[in-house]
Amino acid sequence: MGMKDGPQRQQHAKNFENREAIRRTWGAQGLLNGVKIRTLFNLGRSSETSEKVDLEARTFKDIIQSSFTDTYKNLIFKTLMGLKYAFHSCSSSDYFVFVDDDAYVSVVNTLKALPKRSDTIFYSGNIIWKPSVFRNPFKKWYISIKEYPFNEYPNFVSGTFTMLTKYTLQLFWLGTFYTKPFQFDDVFLGIIAYKLRIPVTVNIDCFNEMLEYKGPESYKSVIVMHGYESCREMEKVWLECREAGYS
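Residues numbered from 1 in each chain as written. Predicted model: local features only at pLDDT ≥ 70, side-chain atom pairs only at ≥ 80, totals over all residues. Heavy atoms only, no water.

### Describing the pattern of salt bridges
Thought 1: Going through the model one piece at a time under the given rule, you end up with eleven salt bridges.
Thought 2: A salt bridge links D62 to R23, with the nearest nitrogen and oxygen atoms 2.7 Å apart. Residue D62 is located in the loop between α2 (50-60) and β5 (63-69), and its partner R23 is located in helix α1 (residues 16-24); the two are separated by 39 residues in the primary sequence.
Thought 3: We classify R23 as buried; its relative accessible area is 17%.
Thought 4: Salt-bridge contacts for E217 lead to K220; the nearest nitrogen and oxygen are separated by 3.9 Å.
Thought 5: Linked by salt bridges that have partners in common, R19, R23, E56 and D62 make up one network. (Salt bridge = Lys/Arg side-chain N within 4 Å of Asp/Glu carboxyl O. Helix = DSSP H or I, 4+ residues; strand = E, 2+ residues; numbered from the N terminus. Buried < 20%, exposed > 50% of the residue type's maximum accessible area, 1.4 Å probe, protein only.)

### Quick word on the side chain of T39
Thought 1: Relative to the elements of secondary structure, T39 occurs in the loop between β3 (35-38) and β4 (41-45).
Thought 2: Here T39 falls in the buried class, since its relative accessible area comes to 10%.
Thought 3: Separated by 3.5 Å, the side chain of T39 and the backbone oxygen of G27 make a polar contact. (Polar contact = N/O pair within 3.5 Å; in protein donor to acceptor, adjacent residues only side chain to side chain.)

### Observations regarding helix α6 (residues 185-196)
Thought 1: Here α6 contains twelve residues, and its C-alpha end-to-end distance of 17 Å stays within 8% of the 16 Å for a straight helix at 1.5 Å per residue.
Thought 2: Burial analysis of α6 places nine of its twelve residues in the buried class, which makes it a mostly covered element.
Thought 3: Where α6 is concerned, the buried positions are D185, D186, V187, F188, L189, G190, I191, I192 and A193.
Thought 4: Elements that come into contact with the buried residues of α6 comprise α3 (75-89), β8 (123-128), β9 (156-165) and α5 (166-175).
Thought 5: Positive backbone phi, approximately 60°, marks R197, located one or two places after α6. (Expected span 1.5 Å × (residues − 1). Contact = heavy atoms within 4.5 Å.)

### Topic: unusual backbone geometry
Apart from glycine, the bulk of residues carry a negative phi angle, and the bulk of peptide bonds sit in the trans form.
Thought 1: In this structure, K130 is a non-glycine residue whose phi angle is positive, near 45°.
Thought 2: Among the secondary structure elements, K130 is positioned in the loop between β8 and β9.
Thought 3: Assessed through its relative accessible area of 61%, K130 is described here as exposed.
Thought 4: One non-glycine residue, R197, adopts positive backbone phi at about 60°.
Thought 5: With respect to the secondary-structure elements, R197 resides in the loop between α6 and β10 (224-226).

### Observations concerning the nonpolar core
Thought 1: Residues W26, Y104, F161 and Y219 are the most contacted members of the largest nonpolar core, which totals 37 residues.
Thought 2: Listed by contribution, the elements that provide at least two residues to this core are α1, β4, β6 (95-99), β7 (103-105), α4 (107-113), β9, β10 and α7 (231-243).
Thought 3: Sort the elements by how many residues they give to this core and α7 lands first, with five residues.
Thought 4: Core analysis: the next-biggest nonpolar cluster, separate from the first, contains 29 residues, C90, F98, Y123 and F188 among them. (Core = buried A, V, L, I, M, F, W, Y, C linked by side-chain atoms within 4.5 Å.)

### Quick notes on the packing of α1 against α2
Thought 1: Where α1 meets α2, the closest approach of the two axes is 12 Å, and the angle between their N-to-C directions is 10°. Taken together, α1 and α2 sit at an angle that is classed as roughly parallel. Regarding α1 and α2, the two cross each other, and that crossing is left-handed. Contact residues: α1 offers F16, R19 and R23, while α2 offers K52, V53, E56 and F60.
Thought 2: In terms of residue class, the contact of α1 with α2 is made up of three nonpolar, no polar and four charged. (Axes fitted to C-alpha atoms, helices over the stretch in contact; angles between N-to-C directions. Parallel < 35°, antiparallel > 145°, perpendicular 65-115°, else oblique. Left-handed = near helix turned anticlockwise from the far one by under 90°. Nonpolar A, V, L, I, M, F, W, Y, C, P; charged D, E, K, R; others polar.)

Shown next as C-alpha coordinates:
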(Lines give C-alpha, C1' and ligand atoms only; values in the text may rest on other atoms or scores of the structure.)
Protein backbone atom coordinates (compact mmCIF):
# COMPACT_ATOMS: atom_id res chain seq x y z
CA MET A 1 0.00 0.00 0.00
CA GLY A 2 1.57 3.27 -1.00
CA MET A 3 0.66 6.77 -0.10
CA LYS A 4 0.45 8.71 -3.37
CA ASP A 5 1.02 5.55 -5.42
CA GLY A 6 3.15 2.77 -3.96
CA PRO A 7 3.46 -0.99 -3.45
CA GLN A 8 2.25 -3.45 -0.93
CA ARG A 9 4.29 -6.23 0.62
CA GLN A 10 4.23 -9.98 0.22
CA GLN A 11 1.17 -11.85 -0.97
CA HIS A 12 0.98 -15.38 -2.29
CA ALA A 13 -0.30 -15.92 -5.83
CA LYS A 14 -2.87 -18.47 -4.57
CA ASN A 15 -4.46 -16.09 -2.05
CA PHE A 16 -7.29 -14.85 -4.27
CA GLU A 17 -9.76 -14.51 -1.41
CA ASN A 18 -7.34 -12.42 0.64
CA ARG A 19 -6.83 -9.99 -2.22
CA GLU A 20 -10.56 -9.72 -2.89
CA ALA A 21 -11.17 -9.00 0.80
CA ILE A 22 -8.55 -6.26 0.79
CA ARG A 23 -10.10 -4.71 -2.32
CA ARG A 24 -13.45 -4.61 -0.53
CA THR A 25 -12.04 -3.12 2.67
CA TRP A 26 -8.94 -1.09 3.51
CA GLY A 27 -7.40 -1.47 0.05
CA ALA A 28 -10.37 0.28 -1.55
CA GLN A 29 -9.62 3.62 0.09
CA GLY A 30 -8.17 5.53 -2.84
CA LEU A 31 -8.39 8.94 -1.17
CA LEU A 32 -8.47 9.66 2.54
CA ASN A 33 -8.11 13.05 4.21
CA GLY A 34 -6.72 14.45 0.98
CA VAL A 35 -4.08 11.72 0.67
CA LYS A 36 -4.05 9.61 -2.49
CA ILE A 37 -3.54 5.93 -1.70
CA ARG A 38 -2.87 3.05 -4.06
CA THR A 39 -2.78 -0.64 -3.15
CA LEU A 40 -0.78 -3.12 -5.21
CA PHE A 41 -0.26 -6.86 -4.77
CA ASN A 42 3.31 -8.12 -5.05
CA LEU A 43 3.36 -11.70 -6.36
CA GLY A 44 5.64 -14.41 -7.63
CA ARG A 45 4.51 -17.21 -9.95
CA SER A 46 2.52 -20.36 -9.29
CA SER A 47 2.02 -22.84 -12.14
CA GLU A 48 -1.34 -23.89 -10.69
CA THR A 49 -2.81 -20.39 -10.77
CA SER A 50 -0.97 -18.54 -13.55
CA GLU A 51 -3.96 -18.16 -15.89
CA LYS A 52 -6.29 -17.07 -13.10
CA VAL A 53 -3.75 -14.53 -11.79
CA ASP A 54 -3.19 -13.19 -15.32
CA LEU A 55 -6.93 -12.62 -15.64
CA GLU A 56 -7.02 -10.98 -12.21
CA ALA A 57 -4.17 -8.67 -13.21
CA ARG A 58 -5.93 -7.61 -16.39
CA THR A 59 -9.19 -7.05 -14.52
CA PHE A 60 -7.97 -5.05 -11.54
CA LYS A 61 -4.62 -3.67 -12.77
CA ASP A 62 -3.23 -3.82 -9.24
CA ILE A 63 -0.79 -6.74 -9.47
CA ILE A 64 2.96 -6.63 -9.95
CA GLN A 65 4.44 -10.05 -10.65
CA SER A 66 7.87 -11.51 -11.25
CA SER A 67 9.11 -14.87 -12.53
CA PHE A 68 10.31 -16.54 -9.29
CA THR A 69 8.19 -19.29 -7.71
CA ASP A 70 5.93 -17.90 -4.99
CA THR A 71 7.16 -19.74 -1.88
CA TYR A 72 8.16 -18.78 1.66
CA LYS A 73 11.84 -19.32 0.88
CA ASN A 74 11.60 -16.85 -2.00
CA LEU A 75 10.24 -13.97 0.07
CA ILE A 76 13.62 -12.25 -0.22
CA PHE A 77 13.15 -12.03 -4.00
CA LYS A 78 9.65 -10.66 -3.50
CA THR A 79 10.98 -7.97 -1.18
CA LEU A 80 13.72 -7.07 -3.63
CA MET A 81 11.14 -6.85 -6.41
CA GLY A 82 8.92 -4.64 -4.26
CA LEU A 83 11.78 -2.27 -3.46
CA LYS A 84 12.84 -2.15 -7.10
CA TYR A 85 9.31 -1.44 -8.32
CA ALA A 86 8.78 1.23 -5.69
CA PHE A 87 12.09 2.92 -6.47
CA HIS A 88 11.68 2.95 -10.24
CA SER A 89 7.92 3.16 -10.77
CA CYS A 90 6.56 5.10 -7.79
CA SER A 91 8.64 8.27 -7.81
CA SER A 92 5.57 10.38 -6.94
CA SER A 93 4.92 8.42 -3.73
CA ASP A 94 5.87 9.99 -0.41
CA TYR A 95 5.36 6.94 1.82
CA PHE A 96 5.35 3.16 1.42
CA VAL A 97 3.73 0.41 3.46
CA PHE A 98 4.57 -3.27 2.93
CA VAL A 99 1.99 -5.58 4.52
CA ASP A 100 0.98 -9.25 4.45
CA ASP A 101 -2.29 -10.13 2.74
CA ASP A 102 -3.94 -11.65 5.83
CA ALA A 103 -3.92 -8.39 7.79
CA TYR A 104 -6.44 -5.83 8.97
CA VAL A 105 -5.08 -2.32 8.41
CA SER A 106 -6.43 0.95 9.74
CA VAL A 107 -5.48 3.43 7.04
CA VAL A 108 -6.63 6.26 9.33
CA ASN A 109 -4.15 5.25 12.04
CA THR A 110 -1.43 4.51 9.50
CA LEU A 111 -1.63 8.07 8.21
CA LYS A 112 -1.41 9.37 11.78
CA ALA A 113 1.73 7.31 12.44
CA LEU A 114 3.65 8.52 9.40
CA PRO A 115 5.94 11.54 9.75
CA LYS A 116 4.96 14.84 8.19
CA ARG A 117 7.94 14.90 5.84
CA SER A 118 8.90 12.15 3.40
CA ASP A 119 12.51 13.30 3.12
CA THR A 120 13.29 12.09 6.64
CA ILE A 121 14.42 8.66 7.85
CA PHE A 122 11.49 6.54 9.03
CA TYR A 123 11.61 2.74 9.32
CA SER A 124 8.83 1.51 11.57
CA GLY A 125 6.36 -1.21 12.41
CA ASN A 126 6.40 -4.08 14.89
CA ILE A 127 10.02 -3.96 16.05
CA ILE A 128 11.87 -7.18 16.92
CA TRP A 129 14.45 -6.27 19.57
CA LYS A 130 17.74 -8.17 19.97
CA PRO A 131 16.46 -11.16 17.95
CA SER A 132 18.30 -14.42 18.56
CA VAL A 133 19.53 -16.56 15.68
CA PHE A 134 17.98 -20.04 15.61
CA ARG A 135 20.71 -22.73 15.51
CA ASN A 136 18.40 -25.73 15.84
CA PRO A 137 18.34 -27.37 12.38
CA PHE A 138 14.83 -28.70 13.01
CA LYS A 139 13.38 -25.22 13.37
CA LYS A 140 11.78 -23.30 10.50
CA TRP A 141 14.04 -20.30 11.12
CA TYR A 142 17.31 -22.26 11.36
CA ILE A 143 20.42 -20.43 10.17
CA SER A 144 23.88 -21.99 10.20
CA ILE A 145 26.96 -20.21 11.55
CA LYS A 146 28.32 -20.18 8.01
CA GLU A 147 25.28 -18.24 6.81
CA TYR A 148 25.32 -15.81 9.73
CA PRO A 149 28.19 -15.96 12.27
CA PHE A 150 26.65 -13.79 15.03
CA ASN A 151 24.27 -14.86 17.80
CA GLU A 152 21.86 -11.95 17.34
CA TYR A 153 20.40 -10.13 14.35
CA PRO A 154 20.26 -6.36 14.31
CA ASN A 155 16.93 -4.93 15.49
CA PHE A 156 14.47 -5.08 12.61
CA VAL A 157 10.83 -4.41 11.76
CA SER A 158 8.64 -7.49 11.31
CA GLY A 159 7.76 -8.13 7.68
CA THR A 160 4.08 -8.32 8.60
CA PHE A 161 3.85 -4.55 8.30
CA THR A 162 6.65 -2.12 7.45
CA MET A 163 6.35 1.65 6.99
CA LEU A 164 8.93 3.71 5.11
CA THR A 165 9.29 7.26 3.90
CA LYS A 166 10.38 7.78 0.31
CA TYR A 167 13.88 8.77 1.43
CA THR A 168 14.24 5.65 3.58
CA LEU A 169 13.01 3.39 0.79
CA GLN A 170 15.61 4.91 -1.53
CA LEU A 171 18.32 4.16 1.03
CA PHE A 172 17.15 0.55 1.39
CA TRP A 173 17.09 0.03 -2.38
CA LEU A 174 20.62 1.37 -2.75
CA GLY A 175 21.69 -0.78 0.22
CA THR A 176 20.56 -3.95 -1.57
CA PHE A 177 23.47 -3.53 -4.00
CA TYR A 178 25.98 -3.82 -1.15
CA THR A 179 24.29 -6.45 1.01
CA LYS A 180 24.21 -10.18 0.35
CA PRO A 181 20.59 -11.46 0.10
CA PHE A 182 19.48 -13.23 3.26
CA GLN A 183 16.86 -15.97 3.65
CA PHE A 184 14.58 -13.87 5.87
CA ASP A 185 13.53 -10.71 4.10
CA ASP A 186 12.71 -8.64 7.19
CA VAL A 187 16.06 -9.57 8.78
CA PHE A 188 17.69 -8.62 5.47
CA LEU A 189 16.22 -5.11 5.74
CA GLY A 190 17.38 -4.97 9.36
CA ILE A 191 20.93 -5.78 8.25
CA ILE A 192 20.80 -3.02 5.64
CA ALA A 193 19.42 -0.62 8.26
CA TYR A 194 22.28 -1.53 10.60
CA LYS A 195 24.90 -1.00 7.90
CA LEU A 196 23.42 2.36 6.86
CA ARG A 197 22.72 3.42 10.46
CA ILE A 198 18.98 3.67 9.84
CA PRO A 199 17.31 3.48 13.29
CA VAL A 200 14.01 1.69 13.83
CA THR A 201 11.33 4.22 14.76
CA VAL A 202 9.37 3.21 17.83
CA ASN A 203 5.57 3.35 17.90
CA ILE A 204 3.90 2.69 21.22
CA ASP A 205 1.01 0.17 21.34
CA CYS A 206 0.03 0.36 17.68
CA PHE A 207 1.59 -2.99 16.84
CA ASN A 208 0.30 -5.34 19.51
CA GLU A 209 -0.31 -8.21 17.10
CA MET A 210 -1.83 -10.40 19.82
CA LEU A 211 -4.55 -7.91 20.82
CA GLU A 212 -7.96 -9.53 21.11
CA TYR A 213 -10.76 -7.79 19.24
CA LYS A 214 -13.51 -6.73 21.66
CA GLY A 215 -15.37 -4.29 19.48
CA PRO A 216 -14.23 -1.15 17.61
CA GLU A 217 -13.12 0.67 20.75
CA SER A 218 -10.48 -2.00 21.40
CA TYR A 219 -8.98 -1.20 17.97
CA LYS A 220 -9.11 2.56 18.38
CA SER A 221 -5.33 3.00 18.16
CA VAL A 222 -4.48 -0.21 16.25
CA ILE A 223 -2.63 0.19 12.97
CA VAL A 224 -2.41 -3.43 11.86
CA MET A 225 -3.54 -6.81 13.13
CA HIS A 226 -3.45 -10.30 11.65
CA GLY A 227 -4.15 -13.92 12.53
CA TYR A 228 -7.84 -13.96 11.65
CA GLU A 229 -9.53 -17.28 11.05
CA SER A 230 -10.88 -16.11 7.69
CA CYS A 231 -11.11 -13.16 5.33
CA ARG A 232 -14.73 -12.73 6.40
CA GLU A 233 -13.66 -12.20 10.00
CA MET A 234 -11.19 -9.50 8.91
CA GLU A 235 -13.88 -7.82 6.80
CA LYS A 236 -16.34 -7.83 9.70
CA VAL A 237 -13.77 -6.22 12.01
CA TRP A 238 -12.86 -3.61 9.40
CA LEU A 239 -16.49 -2.67 8.70
CA GLU A 240 -17.27 -2.26 12.40
CA CYS A 241 -14.14 -0.15 12.93
CA ARG A 242 -14.90 1.93 9.86
CA GLU A 243 -18.38 2.74 11.15
CA ALA A 244 -16.74 3.90 14.39
CA GLY A 245 -14.27 6.05 12.43
CA TYR A 246 -11.15 4.02 13.25
CA SER A 247 -10.44 2.51 9.83
